[in-house]
Amino acid sequence: MDAKLRDQIVSIIGSVDDMTIATIREDGFPQATTVSYISDGPVIYFITGADAQKAHNIARNNKVSLTINRAYDSWNEIEGLSMGGLAIAVTDPEEIEKIGRLLLQKFPLAVQFEPDEGGKVLLSYFRIEPKVISILDYKKGFGHTELVEV
C-alpha cells in the first residue's frame, strides 16, 4: 500500500469516534449498526455485548463492511473510508488488555461503565482485518475515491 494513502487511512481512522458496521443477519439481510471504536494505527477494534445481534451475526459470518467519515460542512470536504474486511474475535488476554488501555485513552469516561465489584458484563472483543478499503476524498474532486486492496 502506498505510504501516503496509508497515512490518510490511519489519520481518518484515528480522528473519528464512531463507525457504522454492517454484518450479515441469519436471514441474509445486512444489519448496519453505529458503534464507537478504538484503533492502533490502521487496526480497528470494537467491543460489544456478547449477546448483541452483531456478535451473533459475526459468529455465523465474519465478513463485515464499515464506514468511517470525518465531519464536514460542505460536500467539497467529504473524507472517509468504506471498508470490507473480516471481524476476528479477540480472545488473547494480552490483546484484550491492550484494547482496554486504548479504550480508556480515547474515551476516558468509559471508566464509569466498568462493572461494579462482583458485577460481570459479558463482552465480545473484535479486531477488523481489512481486505479492501475505498478512500473517499472529495477535496480531490466531487465523488473522488481510491481503492486500496490490503
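In short, a report on the structure. (Residues numbered from 1 in each chain as written. Predicted model: local features only at pLDDT ≥ 70, side-chain atom pairs only at ≥ 80, totals over all residues. Heavy atoms only, no water.)

Considering the arrangement of structural elements, one finds Phe-46 in strand S4 (residues 43-49). Spatially, the C-alpha atoms of Phe-46 and Gln-31 are 16 Å apart, while their sequence positions differ by 15 residues. Leave out the neighbours within four places in its chain, and Phe-46 touches Met-19, Ile-21, Val-35, Ser-36, Tyr-37, Lys-54, Ile-58, Ser-124, Tyr-125, Phe-126 and Ile-128. (Helix = DSSP H or I, 4+ residues; strand = E, 2+ residues; numbered from the N terminus. Contact = heavy atoms within 4.5 Å.)

Now for the side chain of Gln-31. Within the element layout of this structure, Gln-31 appears in strand S2 (residues 30-36). In terms of polar contacts, Gln-31 uses its side chain to reach the side chain of Asn-57, at 3.2 Å. In this view, Gln-31 contacts Ile-21, Ala-22, Thr-23, Arg-25, Gln-53, Lys-54 and Asn-57; residues no more than four positions away in its chain are not counted. (Polar contact = N/O pair within 3.5 Å; in protein donor to acceptor, adjacent residues only side chain to side chain.)

This next bit is on the pattern of salt bridges. All chains considered together, the criterion is met by eight salt bridges. Through salt bridges with shared partners, a single ionic network connects Arg-70, Glu-79 and Lys-139. (Salt bridge = Lys/Arg side-chain N within 4 Å of Asp/Glu carboxyl O.)

Moving on to the nonpolar core. If you look at the biggest cluster of nonpolar residues, it comprises 24 residues, and the most contacted ones within it are Met-19, Ile-44, Phe-46, Ile-68 and Ile-128. Of all the elements in the fold, those that place two or more residues in this core are helix H1 (3-15), strand S1 (18-24), S4, helix H2 (53-60), strand S5 (63-69), strand S6 (79-90) and strand S7 (123-137). Dropping the residues within four chain positions of it, Ile-44 is found in contact with Ile-13, Met-19, Tyr-37, Ile-38, Ser-39, Leu-66, Ile-68, Met-83, Phe-126, Arg-127 and Ile-128. If you look at the next biggest cluster of nonpolar residues, it comprises eight residues, including Ile-38, Tyr-45, Phe-107 and Ala-110. (Core = buried A, V, L, I, M, F, W, Y, C linked by side-chain atoms within 4.5 Å. Buried < 20%, exposed > 50% of the residue type's maximum accessible area, 1.4 Å probe, protein only.)

Further remarks concern the pairing of S6. On any regular strand, side chains alternate: one points to one face of the sheet, the next to the other face. Two elements, S5 and S6, share seven bridges in a ladder whose sense is antiparallel. Among the inter-strand pairings, Thr-67 is bridged to a residue of S6, identified as Ser-82. (Pairing = 2+ DSSP bridges.)

This part is about H1. In this model H1 runs 18 Å from its N-terminal to its C-terminal C-alpha over 13 residues, within 8% of the 18 Å that 1.5 Å per residue would give. Where H1 is concerned, the buried positions are Leu-5, Gln-8, Ile-9, Ile-12 and Ile-13. Viewed along the axis of H1, the buried residues span an arc of 130°, placing them on a single side of the element. More than 90 degrees from the buried face of H1, the exposed residues found are Ala-3, Lys-4 and Gly-14. (Expected span 1.5 Å × (residues − 1). Arc of directions from axis to C-beta.)

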